[in-house]
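Listed here are the chains, written in short residue letters.
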Amino acid sequence: MELLVDLQQKTSATLQKYPEPKDALISVLQDVQEVFGYLPEDALRCIAAETGIAASQLTGVASFYAQFRMEKPGKYQIMVCMGTACHVNKGERVADAVREFTGVEEGETTPDGLFSWEEVACLGCCSLSPVMMINGTAYGKLDKDKVKKIINDLRNAEKGGEGACVCS
Ligand code: FES
């Protein structure tokens, strides 16, 4: 309940910036996503209640644009580079490995809330290609075994086990 109140307060505070939120729907949704890291259903309900915009319209807009995320991201947000250098160096194999070892598709979050992942454009460290980045840390020269180790180390670290080091 406390969390819901907090969510409503933060959403309301964001809406205050918009005297005519109906005319700035994308910006409103961007700002709310900035606050929560995604668009919680309760936040959309709150926007609907405060603006009179139908919840179905909000959901429709949010799901139409790829920039909006309806699911809470994982604690570890993995970005798999699909830029040119990484593509040439088999970046899709990195994506396949991330999919296999997290067990979820791009844009989804693992049931334990630990991992989500997405494909992105150049991460700016092409000499290390193929590359992925996890919460701001870049991992380069990847292959399937390295991806497996990185993900398993993070998972084990969460359990308090071995492999807490995330250096690469
Ligand atoms: S293309 Fe992947 S880091 Fe630049």
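None of the values given here were measured: they were computed from a predicted structure. Position labels on residues start from 1 in each chain and follow its written sequence. Given that this is a predicted model, residues contribute local features only at a pLDDT of at least 70 and side-chain atom pairs are listed and counted only at 80 or more, while totals for whole chains, interfaces and linings are drawn from all residues.

### Description of the overall build of the chain
A count of helices and strands for the chain gives seven helices and four strands. What you see in the chain, going N to C, is helices and strands ordered as α-α-α-α-β-α-α-β-β-β-α. With 168 residues in all, the chain has 24% of them scored as buried. If you take every contact in the chain between residues at least 6 apart in sequence, the share linking residues at least 24 apart comes to 58%. By the criteria applied, helices consist of DSSP H or I runs no shorter than four residues and strands consist of E runs no shorter than two, each listed in order from the N terminus. Partly exposed residues are those whose C-beta has more than 12 but fewer than 20 other C-beta atoms within 10 Å; 20 or more makes a residue buried and 12 or fewer makes it exposed, with C-beta atoms placed from the backbone. Here the contact rule is simple: place C-beta atoms from the backbone, and any two residues whose C-beta atoms are within 7 Å are in contact.

### Focus: the packing of helix H3 (residues 41–51) against helix H4 (residues 55–64)
Axis definition: a line fitted to C-alpha atoms, limited for helices to the stretch in contact. Angles are taken between N-to-C directions and run from 0 to 180 degrees. The contact between H3 and H4 brings their axes to 9 Å, and the two run at 130°. For the element pair H3 / H4, the angle class is oblique. Crossing angle aside, the handedness with which H3 passes H4 is right-handed. Of the residues in H4, those in contact with Leu44, Arg45, Ile47 and Ala48 of H3 are Ala55, Leu58, Thr59 and Ala62. Three classes are used, and their members are as follows: Ala, Val, Leu, Ile, Met, Phe, Trp, Tyr, Cys and Pro are nonpolar, Asp, Glu, Lys and Arg are charged, and the others, Gly among them, are polar. Per-class residue counts for the contact of H3 with H4 are six nonpolar, one polar and one charged. Throughout this description, any angle smaller than 35 degrees is read as roughly parallel, any larger than 145 degrees as roughly antiparallel, any in the 65 to 115 degree range as roughly perpendicular, and the remainder as oblique. Take the far helix as your reference; a near helix turned counterclockwise from it by less than a right angle gives a left-handed crossing, and one turned clockwise gives a right-handed crossing.

### So, the environment of Asp112
Mapped onto the secondary structure, Asp112 falls in the loop between helix H6 (91–102) and strand S2 (115–120). Sequence-wise, Asp112 and Lys75 are 37 residues apart; in three dimensions their C-alpha atoms are separated by 9.5 Å.

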